[in-house]
Amino acid sequence: MTRREILMLPFAALPVLAAPAKEFWNEKKPEDWTEQEVQEMLTKSPWAKEAAVSVFGGAGGSLLNRNGAMNRNGGMTNTGRQRANGNPTTSDAPDLAYKATVRWESALPIRNALKTKPYAELADFYILAVVGDLTLADADADEAQSEARLDMMKQNTKLEKHGGPLPLANLAVVKKVGTLFYFPRAEPIKDGQVTFTTKIGPVEVKCKFAVKEMTYRGKLEL
């Protein structure tokens, strides 16, 4: 065995690392995405993630779902019911918790998955949708109710980014989609982490996105 062959032995023993998996959205045309891939794009992708949903007992209150959670209908779960001595029960199985997905409705890959036309406001706003169990706005509300809800949501909704948060500009309800939140593009999002937060009554929804992962066919898509 030559000296060169001896020196190469430690490297030959090293495991071969598998190549990273390529994202289907960058490898396949949208029309070739399978139904499973479409669902992945809409629920578990760089542009769509399950949100962290917390239920609070009012301003400064403790989490209700520790000992008195609200169910989807606004009632108390089994874990929040009281024993005769006043202490909460813990033996009963709890009701289902709130669940919500936050996705970038304005991003091209999401629009490709949904096969929707671009929103008219696309050039001026980032548009995020909250989809799931939570009713964050009322499609049947009158003008006064809608204005009151918007004012309240503006105080409790923001899109935090590198360089400072973006304020909520508007919201709307699209049936079969969810509640849409509009944030101005005046201060572009370029890097870092983006965190969406909103709150309605005792329910807070928070979701984080890594900007560097939100690249679609070589271009940042938000």
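Procedures and definitions
- Residues numbered from 1 in each chain as written.
- Predicted model: local features only at pLDDT ≥ 70, side-chain atom pairs only at ≥ 80, totals over all residues.
- Heavy atoms only, no water.
- pLDDT = per-residue confidence, 0-100.
- Contact = heavy atoms within 4.5 Å.
- Helix = DSSP H or I, 4+ residues; strand = E, 2+ residues; numbered from the N terminus.
- Polar contact = N/O pair within 3.5 Å; in protein donor to acceptor, adjacent residues only side chain to side chain.
- Patch = residues over 30% accessible without salt bridge, like charges linked within 9 Å, V, L, I, M, F, W, Y side chains within 5 Å.
- Areas by Shrake-Rupley, 256 points an atom, 1.4 Å probe, with all protein chains shown as cover.
- Salt bridge = Lys/Arg side-chain N within 4 Å of Asp/Glu carboxyl O.
- Lys, Arg positive; Asp, Glu negative; His and termini not counted.
- Charge placed at Lys NZ, Arg CZ, Asp CG, Glu CD.
- Buried < 20%, exposed > 50% of the residue type's maximum accessible area, 1.4 Å probe, protein only.

## Some remarks on the confidence of the model for the protein chain
Residues shown with low pLDDT carry predicted positions that ought not to be read at fine detail.
And step 1. Confidence along the protein chain averages 75 in pLDDT terms, with 67% of residues attaining 70 or more.
And step 2. The low-confidence segment residues 16-20 (pLDDT under 50) makes zero contacts with residues lying over four places distant or belonging to another chain.
And step 3. Below a pLDDT of 50 lies the segment residues 57-96, which in the model reaches 55 contacts outside its immediate sequence neighbourhood of four places, other chains included.

## A short note on the side chain of Glu105
And step 1. Here Glu105 is to be found in the loop between β3 (100-104) and α5 (108-114).
And step 2. Looking at Glu105, its side chain comes within polar contact range of the side chain of Arg103, at 2.9 Å.
And step 3. With residues up to four places along the chain from it excluded, the contact list for Glu105 reads Ile110, Arg111, Leu114, Tyr119, Ile127, Leu128, Ala129, Val177 and Leu180.

## As for a negative patch on the surface
And step 1. Residues Asp142, Glu143, Glu147 and Asp151 make up a contiguous surface patch of negative charge.
And step 2. Counting through the fold element by element, Asp151 comes out in helix α6 (residues 143-156).
And step 3. A residue is classified by how much of its surface remains accessible, and Asp151, at 42% relative accessible area, is partly exposed.

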